[in-house]
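Architecture at a glance
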Amino acid sequence: EMIQPGQFLPAAENYGLIEEIDLLAVKEAAKQIALGFEISINLSTSTVGRRHVVDAIADALRSEGADASGLTVEITETALMKDVPAARRFADDLSSLGIHLALDDFGTGYSSLSYLHRFPIDLLKVDRSFVSAMEENTENGEIVRTVIALAKALKLKVVAEGIESIHQFHQLRILGCEYGQGYLFSKPLPVADIERL
């Protein structure tokens, strides 16, 4: 039986194994980038801000001959808030390597707008809770519309998370959302299946 990330990631955090998992994900991403894919990876809150992690990411990309611009590192607002100066240095160091940065779960925190100017963010990810609720009421649609407009005004890319219906997909297209992810397109797949897809 497949163990879901929500089950094993908290345990990995508790036992101090999460950084190893993050770096394993980076190494696997570097291999795929070298094959021509663009890859996004999430880093855990405890990994963000550690200088040696930036060095490990750079080493992984270099050893695989992977272009850093093919990698997007997704960071949650919670990770940025944990230690703002360290997170800022971390983000600046990644950006200087040519790696893209995404602010994950945008709109769920309290200070998201301030981070758009303080960090070298390239992309906003609209949280799935707003996307899934678009069908329920117009207020949530207005939140998504506002986030997309904000991203465009700041010349940031925007990704809508958790797209599960054609209705959501069409609404997001009308709003001018550039990118989307969710079960409407595909469930998570092994690399070999993604290549065939």
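Below, the structure is looked at part by part. Just so it is clear, the model here is predicted, and its values are computed rather than measured.

This part is about the overall build of the chain. Along the chain, the regular secondary structure elements total 10 helices and six strands. In summary, the chain has a C-alpha radius of gyration of 17 Å against a globular reference of 16 Å for 197 residues, a match within 12%. Counting only C-alpha atoms, the chain reaches 45 × 40 × 35 Å along its principal axes. Pairs at least 24 residues apart make up 62% of the contacts formed inside the chain by residues separated by at least 6 positions. For the chain, the separation between the mean place of its 18 positive charges and that of its 29 negative charges on side chains is 4 Å.

Once that is clear, we can look at the sheet that holds strand β1 (residues 39-42). Strand pairing in a sheet relies on backbone hydrogen bonds. The paired strands run either parallel or antiparallel. Ordered in space as β1-β2-β3-β4-β5-β6, the six strands form an open sheet in which the pairing is parallel. Edge strands, defined here as strands with exactly one partner in the open sheet, are β1 and β6 (179-180).

On to the packing of aromatic side chains, then. Throughout the structure, instances matching the rule amount to one aromatic pair. Taking 5.9 Å as the distance between ring centres and 75 degrees as the angle between the ring planes, the aromatic pair formed by F169 and F185 counts as edge-to-face. One end of the pair, F169, is in helix α9 (residues 166-174); the other, F185, is in the loop between β6 and α10 (191-196), and 16 residues separate them in sequence. Its relative accessible area of 24% is what places F169 among the partly exposed residues. Classification of F185 as partly exposed rests on a relative accessible area of 41%.

With that settled, the discussion passes to the packing of helix α2 (residues 18-34) against helix α3 (residues 51-64). Between α2 and α3, whose axes approach to 8 Å, the crossing angle comes to 30 degrees. Between α2 and α3, the angle is such that the two are roughly parallel. Every pair of crossing elements has a handedness; the one defined by α2 and α3 is right-handed. Along its contact with α2, which presents E19, L23, V26, K27, A30, K31, I33 and A34, the element α3 presents H52, V53, A56, I57, A60, L61 and E64.

As a further point, take a nonpolar patch on the surface. A contiguous nonpolar surface patch, about 570 Å² in accessible area, is contributed by I3, F8, L9, Y15, L17 and I21. Considering the arrangement of structural elements, one finds I21 in helix α2.

Structurally, the position occupied by S95 is in helix α5 (residues 84-96). Distance in space between the C-alpha atoms of S95 and V73 is 9.7 Å, their sequence separation being 22 residues.

Parameters at a glance
Residues numbered from 1 in each chain as written. Predicted model: local features only at pLDDT ≥ 70, side-chain atom pairs only at ≥ 80, totals over all residues. Heavy atoms only, no water. Helix = DSSP H or I, 4+ residues; strand = E, 2+ residues; numbered from the N terminus. Rg over C-alpha atoms; globule rule 2.2 N^0.38 Å. Contact = heavy atoms within 4.5 Å. Lys, Arg positive; Asp, Glu negative; His and termini not counted. Charge placed at Lys NZ, Arg CZ, Asp CG, Glu CD. Pairing = 2+ DSSP bridges. Phe/Tyr/Trp six-rings, centres within 6.5 Å; stacked < 30°, edge-to-face > 60°. Buried < 20%, exposed > 50% of the residue type's maximum accessible area, 1.4 Å probe, protein only. Axes fitted to C-alpha atoms, helices over the stretch in contact; angles between N-to-C directions. Parallel < 35°, antiparallel > 145°, perpendicular 65-115°, else oblique. Left-handed = near helix turned anticlockwise from the far one by under 90°. Patch = residues over 30% accessible without salt bridge, like charges linked within 9 Å, V, L, I, M, F, W, Y side chains within 5 Å. Areas by Shrake-Rupley, 256 points an atom, 1.4 Å probe, with all protein chains shown as cover. Salt bridge = Lys/Arg side-chain N within 4 Å of Asp/Glu carboxyl O.

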